[in-house]
Amino acid sequence: MKIAIVYYSQSENCDFVANEIAKQIDADIVRIEPEKAYPDKGFKKFFWGGKSAVMGESPKLVPYTFDASGYDAIILGYPVWAGTFAPPIRSFVEQNRGVIAEKPVLAFATSSGGNAEKSFVKLAALLKKDKISPTLSLVDPLVKPSDDKLAAIEAFCLQIKELNA
Ligand SMILES: Cc1cc2nc3c(=O)[nH]c(=O)nc-3n(C[C@H](O)[C@H](O)[C@H](O)COP(=O)(O)O)c2cc1C
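Thresholds applied
- Residues numbered from 1 in each chain as written.
- Predicted model: local features only at pLDDT ≥ 70, side-chain atom pairs only at ≥ 80, totals over all residues.
- Buried ≥ 20, exposed ≤ 12 C-beta atoms within 10 Å, placed from the backbone.
- Helix = DSSP H or I, 4+ residues; strand = E, 2+ residues; numbered from the N terminus.
- Pairing = 2+ DSSP bridges.
- Core = buried A, V, L, I, M, F, W, Y, C linked by C-beta atoms within 7 Å.
- Contact = placed C-beta atoms within 7 Å.
- Arc of directions from axis to C-beta.

This part covers the pairing of strand 3 (residues 73–81). Most of strand 3 is tucked away: eight of the nine residues are buried. Where strand 1 (residues 3–7) meets strand 3, five bridges bridge the pair, whose relative direction is parallel. What sits directly across from Ala4, in strand 3, is Ile74. Hairpin connection, strand 3 to strand 4 (residues 84–85): the antiparallel pair is bridged by two residues, and Ala82 has positive phi, about 50 degrees.

Structure below.
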């Protein structure tokens, strides 16, 4: 089973998770970036990113290479912004809806509060799927590392390997 991890990360927590998962399940990685980077400091960081998420914006992405036909499943990874997935994920789904519709979609999210459940429900709705499963939710795993978080990543990878079996 060949898997692509497609993720957005502003401050590298999701990047850390994506790379850990890729190592453990031998997946390919596609990092997406908005053409116009969101502010990453101070008040503007939360204001503009939060507003963009709440408004349901789809920022234009820097060109990336992704050929869905080479993959059996897709993992989407993102930071939670204003209770939902960060906007570049919406852009990616809108650009690739047709080619990923029939494939299993899994997801991981990082957040500072730890509650990503609502974001998974919203992502499922965007993808027109009943549910995203399995999912992984972690609190800032790069800036607040812990053995529990590494164990959760490992458990998520085991679930993926079981899908494979
Ligand atoms: C614009 C913005 C909005 C955010 N909104 C939330 C939120 O609603 N709930 C939460 O728990 N964390 C929120 N956060 C924190 C991030 O989700 C968290 O720090 C995440 O791990 C960052 O991932 P990254 O380093 O891959 O960008 C927000 C951060 C930003 C920049």
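For the rest of this paragraph, the subject is the nonpolar core. Ile5, Ile75, Leu76, Tyr78 and Ala107 are the most contacted members of the largest nonpolar core, which has 39 residues in total. At the level of elements, strand 1, helix 1 (13–25), strand 3, helix 3 (87–100), strand 5 (105–111), helix 4 (117–127), strand 6 (135–139) and helix 5 (147–164) are the ones that each hand at least two residues to this core. Top contributing element to this core by residue count: strand 3, with six residues. Not counting residues up to four positions away in its chain, the partners in contact with Leu76 are Val6, Tyr7, Ile89, Val105, Ala107 and Leu123.

Attention now moves to the environment of Val17. Inspection of the secondary structure assignment puts Val17 in helix 1. Exposure remark for Val17: the 26 C-beta atoms within 10 Å place this residue in the buried category. Separated by 104 residues in sequence, Val17 and Val121 place their C-alpha atoms 20 Å apart. Residues in contact with Val17, not counting those within four places in the same chain, are Gly77, Phe108, Thr110, Leu138, Pro141 and Ile153.

For an α-helix, 3.6 residues make a turn, and residues three or four places apart therefore share a direction. Buried residues of helix 4: Ser119, Phe120 and Leu123, and no others. Take helix 4 and look down its axis: the buried residues cluster within an arc of 100 degrees, on one side only. Two residues or fewer after helix 4 comes Lys128, characterised by a positive phi angle close to 55 degrees.

What follows deals with the environment of Lys60. Following the sequence through the fold, Lys60 ends up in the loop between helix 2 (42–54) and strand 3. Once the C-alpha coordinates of Lys60 and Asp26 are considered, the two residues, 34 residues apart in sequence, prove to be 29 Å apart. Apart from the residues within four sequence positions on either side, Lys60 is in contact with Pro34 and Glu35.

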